[in-house]
Amino acid sequence: MSDSTTAATTEADLIIEVDHVTLRFGGVTSLLDISLVQHRHEILSVIGPNGAGKTSLFNCVTGVYVPQVGSITFRPESAHPVTVVGRKPHRVNRLGIARTFQSSRLFNALTAFENVKIGVESRFHTGPVGAMLHLPRTRREEHRGDNRTKELLEFVGLRDRADEVASGLPYGDRRRLEIARALGTSPELLLLDEPAAGANPAEKADLSSLIERVRSEIGISVLLIEHDMGVVMSLADRIVVLNFGEVIAEGTPSQVQRDPAVIEAYLGTVNENGHEPPAAEGAPPAVAQTRQNPSAHSGGNSPSSEER
Ligand SMILES: Nc1ncnc2c1ncn2[C@@H]1O[C@H](COP(=O)(O)OP(=O)(O)OP(=O)(O)O)[C@@H](O)[C@H]1O
Ligand SMILES: [Mg+2]
């Protein structure tokens, strides 16, 4: 892909820096003193048991939640670092940070093309007045937007389904459509919240290869929450592990797999050796999918579907 979504530059090393972030909801501490950095062009995965704080972290990075303590800086080493905390989500998106959600947010009644075009249009410079007056500049932008939308559908393998309504698409296609829509906003950093959840093995393989191409062909940095350890271990350059809102480990996939604190977080116990990886190919046991953080209680404060 060759146009404006090829947003990555070589100007700086880090794409995002999260510095001592703490997020509380009443008595619930969702994130406690979280610090992490992500390098440009890196696929960084955030893993951890249910309720560990992964989506809360995404919500802080995208401006949905405002942490009580700490800072989040986009392009921290560039000539123009930008503070994320305190900016509204649409402003954060305009900076170059896009996301997909844990549960689907597609416009079900719209076609695949229209869903992606909405993302692309968010970057338009001409407004509704120009559209009403059919100004040449607006028509040119419309044309470019249509081409860009088709290009993105092609990129995610949905060009042939452009005119199908989103609700009728198979599950794996819907997940890829969400990624295409996020790419339409021309991000430098793409946050994916459990893109492979609910996908079958073939769909997971397709999604994994798409995510790798997002990085290698478009040059976008990817921050990836995923429970499927096969997907994580095959894609991630580095992994950060959260448990009870805290970072308990970080490193390469093989380092993390052997980390006793990680094994304990997933299994609830460390075996006698204390150093056995959760599973040969990095698949932590099924408890990883279901174990709840005991401090995680939704009560009346349960996150709305807007936030998940
Ligand atoms: N808006 C909110 N109000 C109250 N508590 C919240 C809110 N958002 C998150 N939390 C709490 O923060 C903790 C972390 O939740 P979060 O959704 O970030 O976990 P997660 O790691 O994404 O879990 P999962 O793997 O199940 O998606 C939980 O205890 C959750 O109930
Ligand atoms: Mg989550």
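Residues numbered from 1 in each chain as written. Chains lettered and ligands numbered in written order. Predicted model: local features only at pLDDT ≥ 70, side-chain atom pairs only at ≥ 80, totals over all residues.

### Observations concerning the sheet that holds strand β2 (residues 28–39)
What the four strands build is an open sheet, ordered β2-β1-β4-β5; its pairing is antiparallel. Looking along the sheet, the strands with just one partner apiece sit at the ends: β2 and β5 (82–83). Bridging between strand β1 (residues 14–25) and β2 involves eight bridges; their strand directions are antiparallel. Opposite leucine 23, over in β2, you have leucine 31 as the bridge partner. (Pairing = 2+ DSSP bridges. Helix = DSSP H or I, 4+ residues; strand = E, 2+ residues; numbered from the N terminus.)

### With respect to the environment of leucine 158
Relative to the assigned elements, leucine 158 resides in the loop between α5 (136–155) and α6 (171–183). Discounting residues that sit within four places of it in the chain, leucine 158 has contacts with Ala112, Leu153, Asp173, Arg176, Leu177 and Ala180. (Contact = placed C-beta atoms within 7 Å.)

### Quick look at helix α3 (residues 112–121)
Residues spaced three or four apart along an α-helix point in a common direction, a consequence of the helix completing one turn every 3.6 residues. With seven of its 10 residues buried, α3 lies for the most part within the structure. Buried within α3 we find Ala112, Phe113, Asn115, Val116, Lys117, Gly119 and Val120. (Buried ≥ 20, exposed ≤ 12 C-beta atoms within 10 Å, placed from the backbone.)

### Details of the nonpolar core
In this structure, Val61, Ala180, Leu190, Val222, Leu224 and Val241 are the most contacted members of the largest nonpolar core, which totals 73 residues. Summarising the domain contributions, this core has at least three residues from each of domain 1 (1–96 + 191–295) and domain 2 (104–185). Aside from chain neighbours lying at most four places away, what touches leucine 190 is Ala98, Ala182, Val214, Ile220 and Val222. (Core = buried A, V, L, I, M, F, W, Y, C linked by C-beta atoms within 7 Å. Domains from an automatic or database assignment.)

### Remarks on the sheet that holds strand β10 (residues 246–251)
Read from one edge to the other, the open sheet built from six strands follows the order β6-β7-β8-β3-β9-β10, with strand pairing classed as mixed. Edge positions in the sheet fall to β6 (97–99) and β10, since each has one partner strand and no second. Averaged over all pairs of adjacent strands, the angle between strand axes in this sheet comes to 20 degrees, irrespective of strand direction. With four bridges joining them, strand β3 (residues 43–47) and strand β9 (residues 238–243) adopt parallel strand pairing. If you follow valine 46 over to β9, its bridge partner there is valine 240. With respect to the sheet, helix α7 (residues 201–218) is in contact with β3, β7 (189–193) and β8 (221–225), its orientation differing from that of β8 by roughly 155 degrees. Contacting β9 and β10, helix α10 (residues 260–267) crosses the sheet at an angle of about 125 degrees to β10. (Axes fitted to C-alpha atoms, helices over the stretch in contact; angles between N-to-C directions.)

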